[in-house]
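Summary of structural features
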Amino acid sequence: MSQQLMNMVEKANMKEEVSYFEIGDTVDVHCRILEGEKERIQVFTGVVIARSGSGTREMFTVRRIVQGEGVERKFPLHSPRIARIEVKRAGVVRRAKLYYLRDRVGKAVRLKERRIDAAKREALAAKAKESN
Amino acid sequence: MAVGLLGRKVGMTQIYDPTGKVISVTVIQAGPCHVLQLRTEERDGYEAVQLGYLDKPRPAAGHQRRTKRLASRSQRGHVAKLDSKRQRRRAAAGVEPAPKPNCEPKRFVREFRGSVDGYEVGQELSVGVFSDIQAVDVVGTSKGRGTAGAMKRHNFRGQRATHGVKKCHRHVGGTGCSASPARMFKGKKAAGQYGNARCTVRNLRVVEVDLENNLLLVYGAVPGPNGGFVTIQQTNKLK
């Protein structure tokens, strides 16, 4: 009973539509940034290395290399400050957390590209949405 | 009475405000509550409104009550008129019977001190009473931790890990003077029962009131486990 109430509260505060992406995908995260009165969009590009939490608390971690230095940002999936998540490329991965990428430098950081067509991706997205 | 209600802690979660800031909230299922009794100056010596929350099941007809889960005869008689020898005697003597709410027996009953104006027995209060209220105080029973050491119970620092400390790393240490007064002062903080005590958290901001599901969302934590009963009252601390 209480879990149902909890889910209800969380559902009301979740985004209705979240772009579908998988671990290992290279994504563009469009974040809204408030500078005084003005709002602008900043894009953070990198590989999704982890997803954690559930409901409104779900977070995802994006890693990229900036000037030879690894940078990771953790975003709340349902935050209104995340405007859009765009999938650029899918990678071949065999686990849910890609923390092993942290120990890699240079060419070894790259993930092999996984080719999936739009129809298959849509089918997967629909399936993920259903299970939610 | 100040605006108040009884409820149950559902749990904690996070929501986002329009600017995208995360707010940690406690979800409380508040009400609906019935007014069971009005305490008046002339009859009881003080003024208060007695509320009841959550129905308590009755024992099956003709069965003896064997568990405290089911409502006793006195609890059933508290919410509705029950026939008894005493009632008949009082009726014959012309004593006016006390008004009854005519609802189901309640599991959680508490009184709120204050004027009874505008309240009547049997009235149903919903979470809507908090619609215009900015902040509340929440009273609950904290999670029981059993017998706990002084470090956990009073945030003592314990003793060193090394430098000759032997098997006393989490002990209290010194507890007072020596030959005079030759005793420990009363109330010295030490190990003992921790938790499972009445606990109040004041001035919690009301984030959202959900009339449809009787839910109240307050900013911050509330004492007790999920499912624990809480008393919610308009705060008098708000500046």
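Residues numbered from 1 in each chain as written. Chains lettered and ligands numbered in written order. Predicted model: local features only at pLDDT ≥ 70, side-chain atom pairs only at ≥ 80, totals over all residues. Heavy atoms only, no water.

Residues and elements named next belong to chain A. The sheet built from five strands is open, its strands ordered β4-β3-β2-β1-β5 with antiparallel pairing. Looking along the sheet, the strands with just one partner apiece sit at the ends: β4 (69-76) and β5 (82-89). Going across the sheet, the axis of each strand differs from the next one's by a mean of 40°, ignoring polarity. Judged from the five bridges that link them, strand β2 (residues 38-52) and strand β3 (residues 59-66) form a sheet pairing that is antiparallel. What sits directly across from Val-47, in β3, is Arg-63. (Pairing = 2+ DSSP bridges. Helix = DSSP H or I, 4+ residues; strand = E, 2+ residues; numbered from the N terminus. Axes fitted to C-alpha atoms, helices over the stretch in contact; angles between N-to-C directions.)

This paragraph deals with the side chain of A:Asp25. Residue and element names in this part refer to chain A. Its place among the elements puts Asp-25 in the loop between α1 (2-12) and β1 (26-35). Separated by 2.8 Å, the side chain of Asp-25 and the backbone nitrogen of Glu-22 make a polar contact. Setting aside residues up to four positions removed in sequence, Asp-25 forms contacts with Gly-46, Val-47, Val-48, Val-87, Arg-89, Ala-90, Gly-91, Arg-114 and Arg-121. (Polar contact = N/O pair within 3.5 Å; in protein donor to acceptor, adjacent residues only side chain to side chain. Contact = heavy atoms within 4.5 Å.)

With that settled, the discussion passes to the confidence of the model for chain B. Across chain B, pLDDT averages 89, with 99% of residues at or above 70. In the model output, the complex is listed with pTM 0.83 alongside ipTM 0.78. (pLDDT = per-residue confidence, 0-100.)

This paragraph deals with the interface of chain B and chain A. The partner chain A presents 15 residues to the 17 residues of chain B that form the contact. Here chain B packs against chain A, burying approximately 1,300 Å² in sum over the two surfaces, 66% of which is carbon and sulfur. When the buried surface of chain B facing chain A is broken down by residue, B:Val10, B:Thr13 and B:Tyr16 rank first, second and third, together holding 40% of it. Where chain B meets chain A, there are zero salt bridges. If you list the elements that add at least two residues to the side of chain B that touches chain A, you get β1 (4-16), β2 (22-30) and β11 (215-219) of chain B. Per-element tally for the side of chain B that touches chain A: the top contributor is β1(B), with seven residues. (Buried area = accessible area lost by both parts, 1.4 Å probe. Salt bridge = Lys/Arg side-chain N within 4 Å of Asp/Glu carboxyl O.)

With that out of the way, let us pick up helix α3 (residues 85-92) of chain B. Taking burial as the measure, the eight residues of α3(B) include zero buried ones, a minor fraction of the element. Directly beyond the C-terminal end of α3(B), a positive phi value near 80° is found at B:Gly94. (Buried < 20%, exposed > 50% of the residue type's maximum accessible area, 1.4 Å probe, protein only.)

Our focus in this paragraph is α1(A). Taken residue by residue, α1(A) has A:Leu5, A:Met6, A:Val9 and A:Glu10 as its buried positions. One side of α1(A) holds all its buried residues, which, seen down the axis, span an arc of 135°. α1(A) presents A:Gln3, A:Gln4, A:Lys11 and A:Ala12 as exposed residues on the side facing more than 90 degrees away from its buried surface. Contacts made by the buried residues of α1(A) are with β1, β2 and β11 of chain B. (Arc of directions from axis to C-beta.)

All right, on to the pairing of strand β3 (residues 33-39) of chain B then. Residue and element names in this part refer to chain B. Counting buried residues in β3 gives seven out of seven residues, a clear majority hidden from the surface. In terms of strand pairing, β3 meets strand β4 (residues 48-55) through six bridges, oriented antiparallel. The partner of Gln-37 across the bridge, within β4, is Gln-50. Judged from the two bridges that link them, β3 and strand β6 (residues 124-125) form a sheet pairing that is antiparallel. Following the sheet pairing, His-34 is matched in β6 by Glu-124.

Attention now goes to the domain arrangement of chain B. Residues and elements named next belong to chain B. Assigned domains within chain B: domain 1 (4-147 + 201-234) and domain 2 (148-194). For domain 1 versus domain 2, the distance between C-alpha centres works out to 41 Å. Contacts between the two partners involve five residues from domain 1, matched on the other side by five residues from domain 2. For the pair domain 1 and domain 2, the summed buried surface comes to about 390 Å²; carbon and sulfur atoms form 52% of the total. (Domains from an automatic or database assignment.)

Counted by the stated rule, this structure contains five aromatic pairs over all chains. Three or more aromatic residues joined by ring pairs make a cluster, and in this case those are A:Phe21, A:Phe44, A:Phe60 and A:Phe75. If you follow B:Arg205 out to its NZ or CZ, it ends over the ring of B:Tyr219, 4.9 Å from the centre. (Phe/Tyr/Trp six-rings, centres within 6.5 Å; stacked < 30°, edge-to-face > 60°. Lys NZ or Arg CZ within 6 Å of the ring centre and 35° of its normal.)

The next subject is the nonpolar core. One finds B:Ile28, B:Leu51, B:Val136, B:Leu216 and B:Ile232 to be the most contacted residues of the largest nonpolar core, which totals 28 residues. A:Val29, A:Val48, A:Ala50 and A:Phe60 belong to the second-largest nonpolar core, a separate cluster that totals 19 residues. (Core = buried A, V, L, I, M, F, W, Y, C linked by side-chain atoms within 4.5 Å.)

A separate point is unusual backbone geometry. Residue and element names in this part refer to chain B. In this structure, the amide linkage connecting Gly-31 to the following residue, Pro-32, adopts the cis form with an omega of 0°. As for its position among the elements, Pro-32 is in the loop between β2 and β3. Of note, the amide linkage connecting Ser-180 to Pro-181 takes the cis form, showing an omega dihedral of 5°. In this structure, Pro-181 sits in the loop between α4 (150-154) and β9 (192-194). You will see that Ala-182, though not glycine, has its phi angle at about 60°, which is positive. Within the secondary structure, Ala-182 sits in the loop between α4 and β9.

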